[in-house]
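In case you want the letters, here they are:
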Amino acid sequence: MSKNYYITTPIYYPSAKPHMGHAYSSIVADFFARFKKIQGFNVFFLTGTDEHGQKIQRAAEKKQMDPLTFCNELSKTFKDLTKTLNLSNTDFIRTTENRHKKSVINLWNILEKKKEIYLSKYAGWYSVSDEAFYSEDEVENKDGLKVSKLSGSNVEWVEEESYFFKLSKWQEPLLNFYSENPNFILPESRKNEVLSFVKSGLKDLSVSRKSFSWGIKVPSNKDHVIYVWLDALTNYISALNYPNENADLYKKFWPATIHLIGKDILRFHAVYWPAFLLAANIKPPKRVYGHGWILSGEEKMSKSKGNILDPIEIINNYGIDPLRYYLIKEVSFGNDGNISKEKLENCINSDLANNYGNLCQRVISFNEKNSNLKIPEKDKFIENDLKVLDIFKSNHKNLINYIDNQDLNSYMNFIIDRLFSANKYFNDQEPWNKKSDLKRLNTIQYVSFELIRKITIMLYPIIPESSLKVLKIFGIDEDKIDFNSITNNDYLKPNTKIKKINILFKKIENND
Ligand code: MSP
């Protein structure tokens, strides 16, 4: 089994400041990246910005800026956000970088040489906001405007000379590819959407634009810029030093383990991207996972709808770990999820402050009073101890499977159950009533510390900053975290000193 894991986020349009939807894609990708790292994999985690195309050109014009200066400014806010969100990304790619342009030009040349691309004329609808071509049956009239039925965004009529990619030719090979790789598109519901789109017939795809200039020029015809999606999708291989297929990174990490994306950009990733790659004789990625949307009220959160919850404001008020925990727990992965400040506050109070924070504080203060901040010697475990400890071992494989199938919800439910059962164990065992049986008192403490250690390791991919504070109690540094050690019931060495920690999560007072 390959021990390499390559995960990507979509590269974001720096047309405006990042919002919660962007933060969500990145946080979830970071969760998977961190998990695989502590499972012992070599992880390459890529994110970045998608800077060409008409959408960006228009956004720059509106600010009366040249597009590159505009992108430099906004791309920086996305790069800064990787720090604010505490992402563990290996690289941050910008499509305006030379390494990327080189890669796109190479891919284009291969496609042209293989006669997968031809010059013709496009006459049809285009949405600048989606950077997507739509057919007549994909648009409708709404309030006197033509809009896309799929995204609701405005479309405009475009008639211009254009290069086309022979997508129609790839319909059958794509269908074969999907059936040979049944988990290529997840979740299942999205796969069905894609299959019916492909089965309904693929038309050749316009892959260049002529009426504006902000993009990578078609090498053989400088009047055209390469369609921004062909440009953008290539980022996933340019970061691995493509076209150098002998580069270490490329050999190790391509094909990607998973492209994590929002459901609105599934067609580009699950249809166009594998078709381009198959046509260029490059292996497609192993998986495309389309997550749901973050909703505010009942609508997708987006700049054009003006219903944005600003991630920076939330982080400044509540901290990054609460936001990460909340998004991962409350938005059922794969589905849309409604978020609100009120629900975030409840989640901080009940799960983080009461359940997890309290468990840590109780066990440490009991230890301080009774064992002088040291891991106590344990006696033999009794059945009640083994019941709470062994469940990590008996579920170890399941947990890894959850992650490998992006079943975040089951992973999360397991943690929440463990938190409840650890608190219950401490209550039921009543160590404070065992002063006359020191062996038992010490064993209860030992088990409780082991439970905290195991749960905290599982929480690390979700709330890395807080988990590291807790693991410091036991002297475990970040590079020593080993997911497999959750199967071990006597990892902690008796008599080692433990460190006290401050309150992990403050309860939010409700002033209403
Ligand atoms: N630039 C393209 C992606 C190119 S990838 C080769 C793009 N950029 S985007 O900035 O518009 O969106 C990036 C990601 O953010 C998409 O996965 C999109 O689904 C996600 N989100 C944008 N708004 C969202 C929500 N309200 N909720 C969840 N994610 C959403 O598309």
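Scroll up to find the structure this text is about.
Procedures and definitions
Residues numbered from 1 in each chain as written. Predicted model: local features only at pLDDT ≥ 70, side-chain atom pairs only at ≥ 80, totals over all residues. Heavy atoms only, no water. Near = heavy atom within 4 Å. Polar contact = N/O pair within 3.5 Å; in protein donor to acceptor, adjacent residues only side chain to side chain. Helix = DSSP H or I, 4+ residues; strand = E, 2+ residues; numbered from the N terminus. Nonpolar A, V, L, I, M, F, W, Y, C, P; charged D, E, K, R; others polar. Pairing = 2+ DSSP bridges. Salt bridge = Lys/Arg side-chain N within 4 Å of Asp/Glu carboxyl O. Buried < 20%, exposed > 50% of the residue type's maximum accessible area, 1.4 Å probe, protein only. Contact = heavy atoms within 4.5 Å. 1 Å grid on protein atoms, 1.4 Å probe; cavity = no way out; pocket = protein on both sides within 12 Å on 5 of 7 lines; lining within 4 Å. Points joined across faces, edges and corners; volume = space filled by probe spheres on them.

1. A closer look at the site of the ligand
Here's step 1: Lining the immediate environment of the ligand, one finds 25 residues, of which Ile-11, Asp-50, Gly-262, Asp-264 and Ile-294 sit closest.
Here's step 2: Ile-11 is positioned such that a nitrogen or oxygen atom in its backbone is 2.8 Å from a nitrogen atom of the ligand.
Here's step 3: Among the secondary structure elements, those contributing two or more residues to the shell around the ligand are helix H1 (20-38), helix H7 (228-233), helix H8 (235-238) and strand S14 (258-262).
Here's step 4: Of the residues in the shell around the ligand, the class split is 13 nonpolar, 9 polar and 3 charged.

2. As for the sheet that holds strand S17 (residues 299-300)
Here's step 1: Taken in spatial order, the 3 strands of this open sheet run S17-S16-S18, and their pairing is mixed. Looking at which strands have only one partner, the edges of the open sheet turn out to be S17 and strand S18 (337-338).
Here's step 2: In this structure, strand S16 (residues 294-296) lies alongside S17, joined through 2 bridges in antiparallel fashion. Counterpart to Leu-295 in the pairing with S17 is Lys-300.

3. Remarks on the pattern of salt bridges
Here's step 1: Per the stated rule, a full pass over the model turns up 25 salt bridges.
Here's step 2: The partner of Glu-116 in a salt bridge is Lys-169, and the shortest N-O contact between them spans 2.6 Å. Here Glu-116 is found in the loop between helix H4 (98-113) and strand S4 (117-127), whereas its partner Lys-169 is found in the loop between strand S8 (156-165) and helix H5 (171-180), with 53 residues between them in sequence.
Here's step 3: Glu-116 gets classed as buried once you look at its relative accessible area, which sits at 4%.
Here's step 4: By relative accessible area, Lys-169 is classed as partly exposed at 44%.

4. Some remarks on the environment of Val-207
Here's step 1: Locating Val-207 in the fold gives a position in the loop between strand S10 (205-206) and strand S11 (208-209).
Here's step 2: Val-207 gets classed as buried once you look at its relative accessible area, which sits at 1%.
Here's step 3: Val-207 sits 21 residues away from Val-228 along the chain, and the two C-alpha atoms are 8.1 Å apart.
Here's step 4: Setting aside chain neighbours within four positions, we find Val-207 in contact with Trp-108, Ile-117, Ser-162, Tyr-163, Phe-164, Phe-165, Val-225, Ile-226, Tyr-227, Leu-230 and Phe-276.

5. Brief notes about the layout of surface pockets
Here's step 1: What the second largest pocket holds in volume is close to 460 Å³.
Here's step 2: Around the second largest pocket sit 23 residues that line it, and Phe-133, Tyr-134, Ser-135, Glu-138 and Lys-203 are the ones nearest its centre.
Here's step 3: Of all the secondary structure elements, the ones that give two or more residues to the lining of the second largest pocket are S4, strand S5 (132-134), S8, S10 and helix H10 (266-279).
Here's step 4: A total of 4 residues in the lining of the second largest pocket trace back to one element, the largest contributor, which is S4.
Here's step 5: Tallied by class, residues from the lining of the second largest pocket come to 12 nonpolar, 5 polar and 6 charged.

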